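So you can see what is in the structure, the chains are spelled out below.
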Amino acid sequence: MCRVVLRRKPSSKASARRFSSILSGEKQMARLATFGALKTHAQALGSTTLRALFAADDSRFDRFSARADDLLLDYSKTLLDDTALDLLLKLAEEAGVTARRDAMFAGEKINSTEDRAVLHTALRNRSGEPVMVDGEDVMPDVLSVLDAMADFADGIRSGDIAAHDGQPFTDVVNIGIGGSDLGPAMVTLALSPWHDGPALHYVSNVDGAHIADTLDALDPATTLVIVASKTFTTIETMTNALTARKWIADTLGEEAVGAHFAAVSTALDKVAAFGIEEDRVFGFWDWVGGRYSVWSAIGLPVMIAVGPDAFAEFLEGAHAMDRHFADTPLKDNLPVLMALVGVWNRDCMGHSARAVLPYDQRLSRLPAYLQQLDMESNGKRVQLDGTPVDEDTGPLVWGEPGTNGQHAFYQLLHQGTTVIPCEFIVAVRGQEDDLAHHHELLVSNCLAQSEALMMGRTLEEATAQLAARGLSADEVARLAPHKVFPGNRPSITLVHDQLTPFALGRLIALYEHRVFVEGVIWGINSFDQWGVELGKELALALQPMIQGKVSAESKDSSTRGLLKALRPQG
Ligand code: F6P
């Protein structure tokens, strides 16, 4: 059962107090002591290798892997042992992972700096149980927006909701950025075999090139524009939305605008002010973070593309992971185990990055999506109470799909001087039954990479291989060092049966909860994003300087010099 419990709402002041100092002094001491013990143990383990651990224990895979139905997490190629895992599980308990997880599912205001609940899990709650926020069950509203989305999506797909001149819509342009773009764009691509609705296009960048190139290829008469913004104030989205509005009005007439626009937002008053008709506005709530919003009305373009049934399966998959996360003991809990591997690699092994490497072309936007999810959530430097963190927090997250990455940056992964833990994702089966040989090659490449990273190739092995090719002793000695792979480079592998809407929902929810658990262990608030504010403020102040309307005298010499270079001449 998903832990959505009916409870009296604590006053926001009380909940903020509770979560700003979630750990008692005693627990905080215990947490720090366990971190210390983990680091000491990591140093001791530093003299062993993954090769040696596997050689010593043929059951290592069984002991360091876990499953949730067909989803397998293999973390045996991480340089940890039973002692390390026990200590990491102890750390999770001491950091309050269980209590904070339950508080999140129960709708408590764990986002203490914004005084908000964190309830993306309610958006995919399929249990029929209520979810309470501020003493009210949010599920009736959640389900009613999903119904309204389904009616709208069906209408667009069937042509019942038509363009101004009565033609069916052939294209949908989603205008949004960050969480209002990355999630739906990634999911639309991932679910392309289910895509039987109008063509989808995503415009995010304020660079005019993005919207110009997109609109140039489209016929305004059959294009629907969705403006997606949680706040409806984001300058990039508002600028692109106005450009799209002008495109429709200039080509079809002002009277066509209503039929060609829809919006998704929590700020319904601002949407109304923009002029989008009420029955075309789909709301969500402040307890949905932008980077956690693909399950909300932000998923509307996905629903239009794949239909409400496939979208419901997507939500089901996420709900299945929510239940796994809520109900499974920590030692078998996939998001918890992935988080523990993350904390171990980051804080005990000192690895400052991780690469996400889906062996699935349709997941090619997943690394970008996870960049926001992970780095905007856990790129933090103070704890809940405002004091500096005592450990390094979120790593750099990046990646590309395999096998493409193999022919680009894997050289550095294998032989560079920086160790980057890798996260491989691969399905047992592809979607293309008639191209099974492609999938065999994809899978064999994926396995080969994690094996090569782990095993490496010693100087002796390189020497023997070159000698076997009949090279002279001098040539062998000259080339052998270049052919050495240090190995001992950690990776995890996620395997699922097939990339379906259900599996995709489950995979994204797995990563969401992993990020959550890591944040709890680091004692930070994973749900705010103050770090994006300063740049936004400065950009607003710089625009009139670029226009030459305001003096740049107050700026440093570099900014002044760049302004001068960038100011259009004439
Ligand atoms: O600037 C960061 C951010 O606030 C993200 O957190 C968010 O996903 C994105 O901008 C877009 O915000 P909005 O949906 O309000 O336009």
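- Looking at an unreviewed UniProt entry, one finds the protein named Glucose-6-phosphate isomerase and attributed to Roseibium aestuarii.
- Here the protein is described in UniProt, under the heading Catalytic activity (unreviewed entry), as follows: "alpha-D-glucose 6-phosphate = beta-D-fructose 6-phosphate".
- Quoted verbatim from the Subcellular location (unreviewed entry) field of UniProt, the annotation for the protein is "Cytoplasm".

## Some remarks on the sheet that holds strand S1 (residues 65-68)
Item 1. Pairing is mixed across the open sheet formed by six strands, whose spatial order is S1-S2-S13-S12-S10-S11. Looking at which strands have only one partner, the edges of the open sheet turn out to be S1 and strand S11 (396-398). Shown here is a sheet whose adjacent strand axes are inclined to one another by a mean of 15°, direction ignored.
Item 2. By the bridge criterion, four bridges tie S1 to strand S2 (residues 71-74) in an arrangement that is antiparallel. Bridging from a neighbouring strand, Arg67 pairs with Leu72 of S2.
Item 3. Most of the contacts of helix H22 (residues 501-522) go to strand S13 (residues 491-496), to which it runs at about 150°, and overall it touches S1, S2, strand S10 (353-358), strand S12 (422-427) and S13.

## Focus on the sheet that holds strand S9 (residues 281-283)
Item 1. Strand order in the open sheet formed by five strands is S6-S5-S7-S8-S9, with parallel pairing between adjacent strands. Strands with a single pairing partner mark the edges of an open sheet, and in this sheet they are strand S6 (199-203) and S9. Taken over all neighbouring pairs, the strand axes of this sheet differ in orientation by 20° on average, direction set aside.
Item 2. Bridge analysis of strand S7 (residues 223-228) against strand S8 (residues 261-265) gives four bridges, and the strand direction is parallel. Counterpart to Val227 in the pairing with S8 is Ala263.
Item 3. Lying on the sheet, helix H10 (residues 208-216) is in contact with strand S5 (171-175) and S6; it crosses S6 at an angle near 160°.

## Remarks on the environment of Ser450
Item 1. Structurally, the position occupied by Ser450 is in helix H19 (residues 436-455).
Item 2. Separated by 336 residues in sequence, Ser450 and Glu114 have C-alpha atoms that sit 41 Å apart.
Item 3. Among all residues touching Ser450, those that are not within four sequence positions of it are Lys77, Phe424, Ser491 and Thr493.
Item 4. Engagement of the side chain of Ser450 in a polar contact is seen with the backbone oxygen of Leu447, the distance being 3.3 Å.

## Examining the packing of aromatic side chains
Each aromatic ring pair is characterised by the separation of its centres together with the angle its planes make.
Item 1. For the coordinates displayed, the defined rule picks out 14 aromatic pairs.
Item 2. On the basis of an interplanar angle of 50° and a centroid distance of 5.3 Å, the ring pair of Tyr292 and Phe527 is categorised as tilted. Taken together, the positions of Tyr292 in the loop between S9 and helix H14 (300-306) and Phe527 in the loop between H22 and helix H23 (533-546) put the pair 235 residues apart, joining distant regions of the chain.
Item 3. Look at Tyr292 and you get buried, because its relative accessible area is 1%.
Item 4. Owing to a relative accessible area of 8%, Phe527 belongs among the buried residues under this scheme.
Item 5. Ring pairs connect the aromatic residues Phe105, Tyr292, Phe325, Phe516 and Phe527, which therefore count as one cluster.
Item 6. If you follow Arg60 out to its NZ or CZ, it ends over the ring of Phe54, 5.4 Å from the centre.

## Overview of the site of the ligand
Item 1. The full set close to the ligand counts 14 residues, and Ser180, Ser229, Lys230, Thr231 and Thr234 are the nearest of them.
Item 2. Interatomic distance of 2.6 Å between a side-chain N/O atom of Ser180 and an oxygen atom of the ligand.
Item 3. Its free accessible area being 390 Å², the ligand has 88% of it covered by the protein chains.
Item 4. Because more than half of its atoms lie within 2 Å of the grid, the ligand is assigned to the largest pocket.

## So, the pairing of S13
Item 1. Of all the six residues making up S13, five are buried; the element is thus mostly covered by neighbouring parts of the structure.
Item 2. Alignment of S2 against S13, held across three bridges, turns out to be antiparallel. The residue bridging Leu73 from the neighbouring strand is Leu494, located in S13.
Item 3. Two elements, S12 and S13, share six bridges in a ladder whose sense is parallel. When the sheet's bridge partners are listed, Ala427 is paired in S13 with His496.

## Some points on unusual backbone geometry
When glycine is set aside, most residues are seen to have a negative phi, and most peptide bonds are trans.
Item 1. The omega torsion of the bond from Gly402 to Thr403 falls at 10°, within 30 degrees of zero and hence cis.
Item 2. Along the chain, the position of Thr403 falls in the loop between S11 and helix H18 (410-415).
Item 3. Positive phi, close to 55°, is recorded for Asp69, a residue that is not glycine.
Item 4. For Asp69, the location among the structural elements is in the loop between S1 and S2.
Item 5. Not every positive phi belongs to a glycine, and Phe232 is a case in point at roughly 55°.
Item 6. Secondary-structure assignment places Phe232 in the loop between S7 and helix H11 (235-252).

Each value, and the rule that gives it
- Residues numbered from 1 in each chain as written.
- Predicted model: local features only at pLDDT ≥ 70, side-chain atom pairs only at ≥ 80, totals over all residues.
- Heavy atoms only, no water.
- UniProt positions renumbered as here; feature names shortened; annotations may be inferred.
- Pairing = 2+ DSSP bridges.
- Helix = DSSP H or I, 4+ residues; strand = E, 2+ residues; numbered from the N terminus.
- Axes fitted to C-alpha atoms, helices over the stretch in contact; angles between N-to-C directions.
- Contact = heavy atoms within 4.5 Å.
- Polar contact = N/O pair within 3.5 Å; in protein donor to acceptor, adjacent residues only side chain to side chain.
- Phe/Tyr/Trp six-rings, centres within 6.5 Å; stacked < 30°, edge-to-face > 60°.
- Buried < 20%, exposed > 50% of the residue type's maximum accessible area, 1.4 Å probe, protein only.
- Lys NZ or Arg CZ within 6 Å of the ring centre and 35° of its normal.
- Near = heavy atom within 4 Å.
- Areas by Shrake-Rupley, 256 points an atom, 1.4 Å probe, with all protein chains shown as cover.
- 1 Å grid on protein atoms, 1.4 Å probe; cavity = no way out; pocket = protein on both sides within 12 Å on 5 of 7 lines; lining within 4 Å.
- Sits in = over half its atoms within 2 Å of the grid points.

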